[in-house]
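# Observations on the model geometry
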Amino acid sequence: MITGSLRRGVVATAALALTGLLALSACGESADEKAGGGGDKAATGFKPVKAGKISVCTNLPYPPFQFDQGGKTVGFDVSMIDLVAKKLNVTQEIVNIDFAAIKGGSALNAGRCDVAAAGMTITDERKQSLDFSRPYFPEYITLLTKKGVTAKSLDDVKSQNLKLGVQADTTSLEMAKGKGLKPKEYKDSEKQRLALVSGQIDAVLQDTPVVNDWLKKTDVSAKFAIAADIATGAQYGFAVKKGGNPVLLKTINDTITETVGSGEWAKLYKQWVGSEPKSKPAES
């Protein structure tokens, strides 16, 4: 038979145990929120390098993919990652660094960002250091020359001994070197453009959407013209740390697939590139 005193003791012990369990549960929720920037984010399994944010490594400026507009970074890539951020219930934060640190994976490995979004071409070499998303943008490269120049190809650039400028660490550089050229390299696209308009170089090789954006400026359109557009067959991809962020990678892939299928991708293309897309990104 349980006495009144013993019964009160058992009830008190059970109450204390329940209180402890509730406290532990509350602490667990708080820790998840801290790790994922919030309860909803922790539930997805995405653990950002900065709570409540998706940190994005890029190389500015690179219009129309990433560039400054009224003190805010905007562009095609920014809009795409904003859609990813919405799924994860976080906000996008831009981290501007050298492209070499992006394409080689060192920025992601060092925890400087969660994702690389820099109009970056998917290559077998880069796949050794990065986990790429499915393609989100087909690559086209443009040769831009001074008006009156007869060069229509890289072979012509070489035979006419023209001074060619490219952005460092890019597929344009690889293409030029593949033709036996030794182009002048620039850290970002804006330095490349300024070198062109100041007469330091005669021609540039650069991704077509970037060149189209330059041609909106009178200092470029007045003196330079497109000599050739080259469909490389390559594709751009977003990238995450090698083997380190499968949940984020799946969210990015799902977002790309959804936007292409719904027509949202084409709308963003027209908004930022200024024309109808020549083709959709490949499915894989």
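Residues numbered from 1 in each chain as written. Predicted model: local features only at pLDDT ≥ 70, side-chain atom pairs only at ≥ 80, totals over all residues. Heavy atoms only, no water.

### With respect to helix 3 (residues 76-88)
Compared with the 18 Å implied by 1.5 Å per residue over 13 residues, the 19 Å span of helix 3 between its first and last C-alpha is a close match. For helix 3, the set of buried residues is Phe76, Asp77, Val78, Ser79, Met80, Ile81, Val84, Ala85 and Leu88. Once helix 3 ends, the next one or two residues include Asn89, with phi positive near 60°. (Helix = DSSP H or I, 4+ residues; strand = E, 2+ residues; numbered from the N terminus. Expected span 1.5 Å × (residues − 1). Buried < 20%, exposed > 50% of the residue type's maximum accessible area, 1.4 Å probe, protein only.)

### Quick word on helix 13 (residues 264-273)
Turning to helix 13, its buried residues number three or more, namely Trp265, Leu268, Tyr269, Trp272 and Val273. Viewed end-on, helix 13 has its buried residues packed into an arc of 105°, placing them on one side of the element. Among the exposed residues of helix 13, those pointing more than 90 degrees away from its buried face are Lys267 and Gln271. Buried residues along helix 13 sit against strand 2 (67-69), strand 3 (72-74), helix 3, strand 7 (137-146) and helix 12 (246-262). (Arc of directions from axis to C-beta. Contact = heavy atoms within 4.5 Å.)

### A short note on the pattern of salt bridges
All told, the structure shown has 13 salt bridges when counted by the stated rule. Here Lys50 ties to Glu93 by a salt bridge, and the two come within 3.0 Å at their closest N and O atoms. One end of the pair, Lys50, is in the loop between helix 2 (39-44) and strand 1 (53-58); the other, Glu93, is in strand 4 (residues 91-96), with 43 residues separating them in the sequence. Residue Lys50 is classed as partly exposed on the basis of its relative accessible area of 41%. Since its relative accessible area comes to 23%, Glu93 is described here as partly exposed. A salt bridge links Asp131 to Lys242; the nearest nitrogen and oxygen atoms lie 3.5 Å apart. Residue Asp131 is found in strand 6 (residues 130-132), and its partner Lys242 is found in the loop between strand 12 (239-241) and helix 12; the two are separated by 111 residues along the sequence. In this structure Lys242 comes out as partly exposed when scored by relative accessible area, which is 43%. Connected via shared salt-bridge partners are Glu190, Arg193 and Asp219. (Salt bridge = Lys/Arg side-chain N within 4 Å of Asp/Glu carboxyl O.)

### Here we look at the sheet that holds strand 9 (residues 184-186)
As summarised here, the arrangement of the 5 strands in space is 9-8-10-7-11, forming an open sheet in which the pairing is mixed. One side of each edge strand has no neighbouring strand; the edge strands of this open sheet are strand 9 and strand 11 (224-236). Between one strand and the next, the sheet's axes are offset by a mean angle of 25°, whatever the strand orientation. Pairing between strand 8 (residues 164-167) and strand 10 (residues 203-207): 3 bridges, direction parallel. (Pairing = 2+ DSSP bridges. Axes fitted to C-alpha atoms, helices over the stretch in contact; angles between N-to-C directions.)

### Quick look at the state of the cysteines
Tallying each qualifying case throughout the model produces 1 disulfide. The disulfide partner of Cys57 is Cys113, and the gap between their sulfur atoms is 2.2 Å. Here Cys57 and Cys113 share a disulfide; its torsion about the S-S bond, -105°, makes the bridge left-handed. Here Cys113 lies in the loop between helix 5 (106-109) and strand 5 (115-116) and Cys57 lies in strand 1, a separation of 56 residues in the sequence. Across this residue pair, the class does not change: Cys57 and Cys113 are buried. (Disulfide = S-S within 2.5 Å.)

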